[in-house]
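Here's the letter readout for the chains.
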Amino acid sequence: MSQARGLPQSKEALLKSYNKKLKDDIQSMLVNFEEIIKLARMDEDSQISKYTQTEEDQYEMQVRAANIVRAGESLMKFVSDLKQFMILNDFPSVNDSILKNTKNCKSQQQDLDNKLTSLRDEMAMDLFELEDEYYSSAYK
């Protein structure tokens, strides 16, 4: 499979681990959010007092909210790692960019060389005419 996509096995394994991490973090956020929503319902047939149940629910909500925040931070770190992976391992794009810049610089160099050559030729013709006028003049 890694041969078909053109990625080395270590990169393929890294991408698989990224995919698993992404799914795990999103699943964690979803499960914790669902549990917080379930806690919002009041159970009337409880054997413990309402105050105790409220405190227990509040603590569980805080823990689940902290789990959601942890999963969110993990996802943000994952995005950063993914950007770094793309920057460091996207050699074809970097090579294309370098080739494009090289071609652009070479075309600019060629244009400047042509302009300088034509300017040199014009100056040589003007100088030749001026020298001819000067040496054939009676005012030397």
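Residues numbered from 1 in each chain as written. Predicted model: local features only at pLDDT ≥ 70, side-chain atom pairs only at ≥ 80, totals over all residues. Heavy atoms only, no water.

The name given to the protein chain in an unreviewed UniProt entry is Mediator of RNA polymerase II transcription subunit 22, and the organism recorded there is Magallana gigas. Note on the protein chain: under the UniProt heading Subcellular location (unreviewed entry), the record states "Nucleus". (UniProt positions renumbered as here; feature names shortened; annotations may be inferred.)

S.K.: Pulling in residues and values, what's your account of helix 2 (residues 9–39)?
M.R.: In an α-helix there are 3.6 residues to a turn, and that puts residues three or four apart on one side. The terminal C-alpha atoms of helix 2, which comprises 31 residues, lie 45 Å apart, in line with the 45 Å expected from a rise of 1.5 Å per residue. When helix 2 is considered as a whole, its buried residues turn out to be Lys11, Glu12, Tyr18, Asp25, Ser28, Asn32, Ile36 and Leu39. (Helix = DSSP H or I, 4+ residues; strand = E, 2+ residues; numbered from the N terminus. Expected span 1.5 Å × (residues − 1). Buried < 20%, exposed > 50% of the residue type's maximum accessible area, 1.4 Å probe, protein only.)

S.K.: Break down the pattern of salt bridges for me, with residues and values.
M.R.: A complete count under the given rule lists five salt bridges for this structure. Residue lysine 38 is joined to glutamate 35 by a salt bridge in which the shortest nitrogen-to-oxygen separation is 3.4 Å. Residue lysine 38 and its partner glutamate 35 are both found in helix 2; the two are separated by three residues, about one turn of the helix. We classify glutamate 35 as partly exposed; its relative accessible area is 22%. Among the salt bridges present, the one from arginine 120 reaches aspartate 121, with a minimum N-O distance of 3.2 Å. (Salt bridge = Lys/Arg side-chain N within 4 Å of Asp/Glu carboxyl O.)

S.K.: Describe in detail the side chain of serine 74, supporting the description with residues and values.
M.R.: The residue serine 74 is located in helix 3 (residues 50–89) in this model. Within polar-contact distance, the side chain of serine 74 engages the side chain of aspartate 25 at 2.6 Å. Here serine 74 is in contact with Lys21 and Asp25, once residues within four sequence places are set aside. (Polar contact = N/O pair within 3.5 Å; in protein donor to acceptor, adjacent residues only side chain to side chain. Contact = heavy atoms within 4.5 Å.)

S.K.: Report on the confidence of the model for the protein chain, specifying residues and quantitative values.
M.R.: Of all residues in the protein chain, 94% attain a pLDDT of 70 or more, and the chain-wide mean is 86. Of all secondary-structure elements in the protein chain, the lowest mean pLDDT belongs to helix 1 (residues 2–5), at 44, while helix 4 (residues 91–135) reaches the highest, 92. (pLDDT = per-residue confidence, 0-100.)

S.K.: Can you explain the packing of aromatic side chains? Please cite residues and give values.
M.R.: Evaluated as defined, the whole model comprises three aromatic pairs. Here tyrosine 18 and phenylalanine 78 contribute two aromatic rings whose centre-to-centre distance is 5.4 Å and whose plane-to-plane angle is 80°, an arrangement assigned as edge-to-face. In this pair, tyrosine 18 is assigned in helix 2 and phenylalanine 78 in helix 3, connecting sequence segments 60 residues apart. Residue tyrosine 18 shares its accessibility class with phenylalanine 78, and that shared class is buried. Centre to centre, the rings of tyrosine 18 and phenylalanine 85 are 6.2 Å apart; their planes meet at 90°, and the pair counts as edge-to-face. Residue tyrosine 18 is found in helix 2, and its partner phenylalanine 85 is found in helix 3; the two are separated by 67 residues along the sequence. Each residue in the set Tyr18, Phe78 and Phe85 is aromatic and connected to the rest through ring pairs, giving one cluster. (Phe/Tyr/Trp six-rings, centres within 6.5 Å; stacked < 30°, edge-to-face > 60°.)

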